[in-house]
Amino acid sequence: MLDQLSALPELRAKAMFGAHGLYSGERFFGILDEGRLFFKTDAVSQADYTSRGMGPFTYEMKGKTMTMAYHEVPPDVLENAPELTTWARRAIQLAEKKSSPRKSPKPKPRQGA
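Keep in mind that what you see is a predicted model, and the values were worked out from it rather than measured. (Residues numbered from 1 in each chain as written. Predicted model: local features only at pLDDT ≥ 70, side-chain atom pairs only at ≥ 80, totals over all residues. Heavy atoms only, no water.)

Draft legend 1. The arrangement of the pairing of strand E4 (residues 36–40) in detail. With four of its five residues buried, E4 lies for the most part within the structure. Of the pairings in the sheet, the one linking strand E3 (residues 27–33) to E4 comprises four bridges and is antiparallel in character. Across the sheet, residue Asp33 finds its bridge partner in E4, namely Arg36. Taking the residues between adjacent antiparallel strands as the criterion, E3 and E4 are bridged by two residues, where Glu34 takes a positive phi near 50°. Bridge analysis of E4 against strand E6 (residues 64–72) gives three bridges, and the strand direction is antiparallel. (Buried < 20%, exposed > 50% of the residue type's maximum accessible area, 1.4 Å probe, protein only. Helix = DSSP H or I, 4+ residues; strand = E, 2+ residues; numbered from the N terminus. Pairing = 2+ DSSP bridges.)

Structure (structure tokens):
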């Protein structure tokens, strides 16, 4: 899988809870679990996955099924390295938005105080 995504900058895989997290630099954008690849999604991008019958990444925690905002990559995308890289770049952009620090608004100076 890493070979197919070798065009991505600073690509690495990190072991996590029996699976592997995929990173581009510090951006966590994918999960490789039991031979299945999942990419970071949002409300808009997940439609590309679900319309092809691909579901979200789930795991069990304290007897409950937890769902993450990562969806399985369709098989036809996995078989096409350029298209896979395009989908991965979109997931990286979403991960970058998610990890960018939020700035709190500056308090307005009080007048007449």
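Draft legend 2. Broad picture of the packing of aromatic side chains. Scanning the entire structure with this criterion turns up six aromatic pairs. Summarising the aromatic geometry, the rings of Phe29 and Phe39 are spaced 5.7 Å apart at their centres and angled 40° between planes, so their arrangement reads as tilted. Highlighted residues: Phe29 in strand E3 and Phe39 in strand E4, separated in sequence by ten residues. A single burial state applies to Phe29 and to Phe39, both of which are buried. (Phe/Tyr/Trp six-rings, centres within 6.5 Å; stacked < 30°, edge-to-face > 60°.)

Draft legend 3. Geometry of the pattern of salt bridges. Overall, the coordinates contain four salt bridges when judged by the stated rule. Here Asp48 ties to Arg90 by a salt bridge, and the two come within 2.6 Å at their closest N and O atoms. Taken together, the residues span a long stretch of sequence, with Asp48 in helix H1 (residues 46–50) and Arg90 in helix H3 (residues 81–99) at a distance of 42 residues. Under the relative-accessibility criterion, Asp48 is labelled partly exposed at 32%. (Salt bridge = Lys/Arg side-chain N within 4 Å of Asp/Glu carboxyl O.)

Draft legend 4. Seen up close, the side chain of Thr85. Within the element layout of this structure, Thr85 appears in helix H3. With residues up to four places along the chain from it excluded, the contact list for Thr85 reads Gln4, Leu5, Ala7 and Leu8. (Contact = heavy atoms within 4.5 Å.)

Draft legend 5. Examining the environment of Asp76 more closely. Here Asp76 is to be found in helix H2 (residues 75–78). Beyond its immediate stretch of four places on either side in the chain, Asp76 contacts Arg52 and Glu83. Among the polar contacts listed, one links the side chain of Asp76 to the side chain of Arg52, at a separation of 2.9 Å. (Polar contact = N/O pair within 3.5 Å; in protein donor to acceptor, adjacent residues only side chain to side chain.)

Draft legend 6. Representation of the sheet that holds E6 in the model. Strand order across the open sheet formed by six strands is E1-E2-E3-E4-E6-E5, with antiparallel pairing between neighbours. Both edges of this open sheet fall to strand E1 (11–16) and strand E5 (56–61), since each of them pairs with a single strand only. Ignoring which end each strand starts from, the neighbouring axes of this sheet average 35° apart. (Axes fitted to C-alpha atoms, helices over the stretch in contact; angles between N-to-C directions.)

Draft legend 7. Here's a closer look at the environment of Glu60. Checked against the element boundaries, Glu60 lands in strand E5. Looking at Glu60, its side chain comes within polar contact range of the side chain of Thr65, at 2.7 Å.

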